[in-house]
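So you can see what is in the structure, the chains are spelled out below.
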Amino acid sequence: MGRTLATFVSNLQTKTKNPNLDTATVVVYLNDAIQEVKSDYRIRSAVRRETVRIFKDVNEYPLPIPSGATGADFESLCDLTEWFEGTQSLARFNRVSPTRFARKMSVGYQDDYITPFVRNGQNMMLVDYDPGTSNVAAHSCDSLTDNGTWAASGDANNLTADDQTFLEGGGALNFDITPSTLTATLTNSTLASLDLSDYENNASIFLYAYLPSATNITSFSLRWGNSATVYFSKSVTTQHNGLAFQDGWDLISFDWNSATETGSVDAAAIDYLQVNMVFSASQVADTDFRIDNIVVRQGKDMYLLYNSRAWTKTSAGAVKEAFIASDTTYEFVGTEAEATLLETKAQQLIHVYEIVDDLKAANLEKKYREMLRNLKAQNPQIEKNESFVWTKAGFL
């Protein structure tokens, strides 16, 4: 059990010789102390490990949400590893800026890079890495008839092969919509048979979708199998990178492991594909939606090591970024030595701003620095200085 807020309050009342120091005031200085200590030291108890599935030729990934958190609580990256035991790693990634990452990708230079990235106000990560897994093309979408025949149904119409606007190969499937059923469907029931038995439950199926306007698009679903009555199905409501659908090209993925099976599918003979785009009743007739490059990609589960911004937790185990005065059962996640370091920094801040005793504050700062040096010597940091740090506006 970590040191509780109630203990911090009692200790600081004693150490400052101020029994009237209230909880709300202590919380202000404790939370300020957390931010100051973070700039000097990363407590090992706040280094977390979460699993991320990495795919060959896919660069943008959502950040996992750890158990007990209501959202991603990343503050800075440490490493991405193929396996983890103590501090040993089979992969050691370089952390580079998004600008450098983009530059290397544009010239086709591949290396092991991991980069924090902020798009549309959401934190994510860029990964340049070949995990040694396999990909297989399900359909290039270059033609309506080269590999089976594509047909439009539901609210989709005017299906054509578009050789002007596409991402891969020589074209894309272009269709218009006239809202009625609120689902536009493209189906290929005569696909050349694919043996995907090595991919079952260890792959995701990716496709690119071009949306002239994403405002009313609510989900995409994919069916893959042996017929219109025997198939796997999966529905998603975001892009692969975790962001909402956006105007233009979106990379969308469908996880096989969490798909629903209808009938008994033979994964060694997949010859049926169906893409469904679902939209709200506010959608109006529109033109030039596109689907391109349907690819099945094996994934490799890897460990993402990162510094958490959450240094406190509730008595129920939910991780939090700061103490709150209304709940004195909140615990500090660090060790007793780290809790004492934090308490000393808070005590120093109280003497600077509350008690206004510069001599005592200076002595406490000296004590804090000595404790800090001892902790760093005992617990070497996980390459903190090479980590990029997320902020609300971007990264440092």
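All values derive from a computational prediction rather than experimental measurement. (Residues numbered from 1 in each chain as written. Predicted model: local features only at pLDDT ≥ 70, side-chain atom pairs only at ≥ 80, totals over all residues. Heavy atoms only, no water.)

A. Structural context of the overall build of the chain. Secondary structure assignment for the chain yields five helices and 23 strands. Based on the C-alpha atoms only, the size of the chain along its principal axes is roughly 80 × 45 × 40 Å. Looking at the chain alone, contacts between residues at least 24 apart form 74% of all its contacts between residues at least 6 apart. When the 33 basic and 49 acidic side-chain charges of the chain are each reduced to a single mean position, those positions are 12 Å apart. (Helix = DSSP H or I, 4+ residues; strand = E, 2+ residues; numbered from the N terminus. Contact = heavy atoms within 4.5 Å. Lys, Arg positive; Asp, Glu negative; His and termini not counted. Charge placed at Lys NZ, Arg CZ, Asp CG, Glu CD.)

B. View of the packing of aromatic side chains. Under the definition given, this model contains 11 aromatic pairs. When the ring of Phe8 is compared with that of Phe323, the centres are 5.7 Å apart and the planes differ by 70 degrees; the resulting orientation is edge-to-face. Of this pair, Phe8 sits in helix α1 (residues 5-15) while Phe323 sits in the loop between β22 (319-320) and β23 (331-332); the two residues are 315 residues apart in sequence, bridging distant segments of the chain. The residues Phe8 and Phe323 share a single accessibility class, namely buried. Taken together, the ring pairs connect Phe8, Trp311, Phe323 and Phe332 into an aromatic cluster. A cation over a ring is seen here: Arg49 above Tyr303, with NZ or CZ 4.1 Å from the ring centre. (Phe/Tyr/Trp six-rings, centres within 6.5 Å; stacked < 30°, edge-to-face > 60°. Buried < 20%, exposed > 50% of the residue type's maximum accessible area, 1.4 Å probe, protein only. Lys NZ or Arg CZ within 6 Å of the ring centre and 35° of its normal.)

C. Molecular detail of the nonpolar core. By size, the foremost hydrophobic cluster in this structure holds 43 residues, and its most contacted members are Phe175, Leu207, Phe220, Trp224, Met277, Ile291 and Ile294. Here this core gets five residues from one element, more than from any other, and that element is strand β14 (residues 203-211). Discounting chain neighbours no more than four positions away, the residues touching Trp224 are Ile205, Tyr231, Phe232, Ser233, Lys234, Phe254, Trp256, Ala259, Ile270, Tyr272 and Leu273. (Core = buried A, V, L, I, M, F, W, Y, C linked by side-chain atoms within 4.5 Å.)

D. Spatial organisation of the packing of α1 against helix α4 (residues 336-353). Packing of α1 against α4 brings their axes to within 11 Å, and their N-to-C directions diverge by 50 degrees. One way to sum up the angle between α1 and α4 is to call them oblique. As for how α1 packs across α4, the hand of that crossing is right-handed. Mapping the contact onto sequence places Phe8, Asn11, Leu12 and Lys15 in α1 and Ala339, Leu342, Glu343, Ala346, Gln347 and Ile350 in α4. Tallied by class, residues from the contact of α1 with α4 come to six nonpolar, two polar and two charged. (Axes fitted to C-alpha atoms, helices over the stretch in contact; angles between N-to-C directions. Parallel < 35°, antiparallel > 145°, perpendicular 65-115°, else oblique. Left-handed = near helix turned anticlockwise from the far one by under 90°. Nonpolar A, V, L, I, M, F, W, Y, C, P; charged D, E, K, R; others polar.)

E. Broad picture of the environment of Val9. Looking at the secondary structure, you find Val9 in helix α1. In the structure, Val9 is positioned 16 residues away from Thr25 in sequence and 9.3 Å away in space, judged by C-alpha atoms. Discounting residues that sit within four places of it in the chain, Val9 has contacts with Leu21, Thr23 and Val26.

F. Inspection of a negative patch on the surface at higher detail. Taken together, Asp195, Asp198, Glu200, Glu261 and Asp266 make up a surface patch of like negative charges. Tracing the chain through its elements places Glu261 in strand β18 (residues 260-262). (Patch = residues over 30% accessible without salt bridge, like charges linked within 9 Å, V, L, I, M, F, W, Y side chains within 5 Å. Areas by Shrake-Rupley, 256 points an atom, 1.4 Å probe, with all protein chains shown as cover. Salt bridge = Lys/Arg side-chain N within 4 Å of Asp/Glu carboxyl O.)

G. Region of the structure containing the sheet that holds strand β19 (residues 272-279). Taken together, the six strands give an open sheet; going across it, the order is β10-β13-β19-β15-β16-β18, and neighbouring strands pair in antiparallel fashion. Because the sheet does not close on itself, it has two edges, and the strands there are β10 (150-154) and β18. Taken over all neighbouring pairs, the strand axes of this sheet differ in orientation by 20 degrees on average, direction set aside. Of the pairings in the sheet, the one linking strand β16 (residues 231-236) to β18 comprises three bridges and is antiparallel in character. Within β18, the residue paired with Tyr231 across the bridge is Thr262. (Pairing = 2+ DSSP bridges.)

H. Summary view of α1. Among all positions in α1, only Leu5, Phe8, Val9 and Leu12 are buried. All buried residues of α1 project into a common sector of 100 degrees when viewed along the axis, lining one side. Along its buried surface, α1 packs onto α2 (23-40), β23 and α4. Downstream of α1 by one or two residues, Lys17 has phi in the positive range, about 55 degrees. (Arc of directions from axis to C-beta.)

I. The arrangement of the pairing of strand β7 (residues 113-119) in detail. Burial within β7 is extensive, with five of its seven residues counted as buried. Pairing between strand β6 (residues 94-95) and β7: two bridges, direction parallel. The residue bridging Arg95 from the neighbouring strand is Ile114, located in β7. Direction of pairing for β7 relative to strand β8 (residues 122-128): antiparallel, over a ladder of seven bridges.

J. Up close: the pattern of salt bridges. Applying the stated criterion to the full structure yields 10 salt bridges. The partner of Glu365 in a salt bridge is Arg369, and the shortest N-O contact between them spans 2.9 Å. Here the residue Glu365 and the residue Arg369 both occupy positions in helix α5 (residues 358-378), the gap between them amounting to four residues, near one helical turn. Owing to a relative accessible area of 32%, Arg369 belongs among the partly exposed residues under this scheme.

K. Expanded view of the environment of Thr165. By the secondary structure assignment, Thr165 is in the loop between β11 (156-162) and β12 (172-177). Given a relative accessible area of 28%, Thr165 falls into the partly exposed group. A C-alpha to C-alpha distance of 10.0 Å links Thr165 and Asp292, two positions 127 residues apart in sequence. In this structure, Thr165 is in contact with Ala172, Trp249 and Arg290, ignoring residues within four places of it in sequence.

L. View of unusual backbone geometry. One non-glycine residue, Asn201, adopts positive backbone phi at about 65 degrees. Of note, Asn201 is situated in the loop between β13 (183-188) and β14. Since its relative accessible area comes to 38%, Asn201 is described here as partly exposed. For Val356, which is not glycine, the phi torsion reads 60 degrees and is therefore positive. As for its position among the elements, Val356 is in the loop between α4 and α5.

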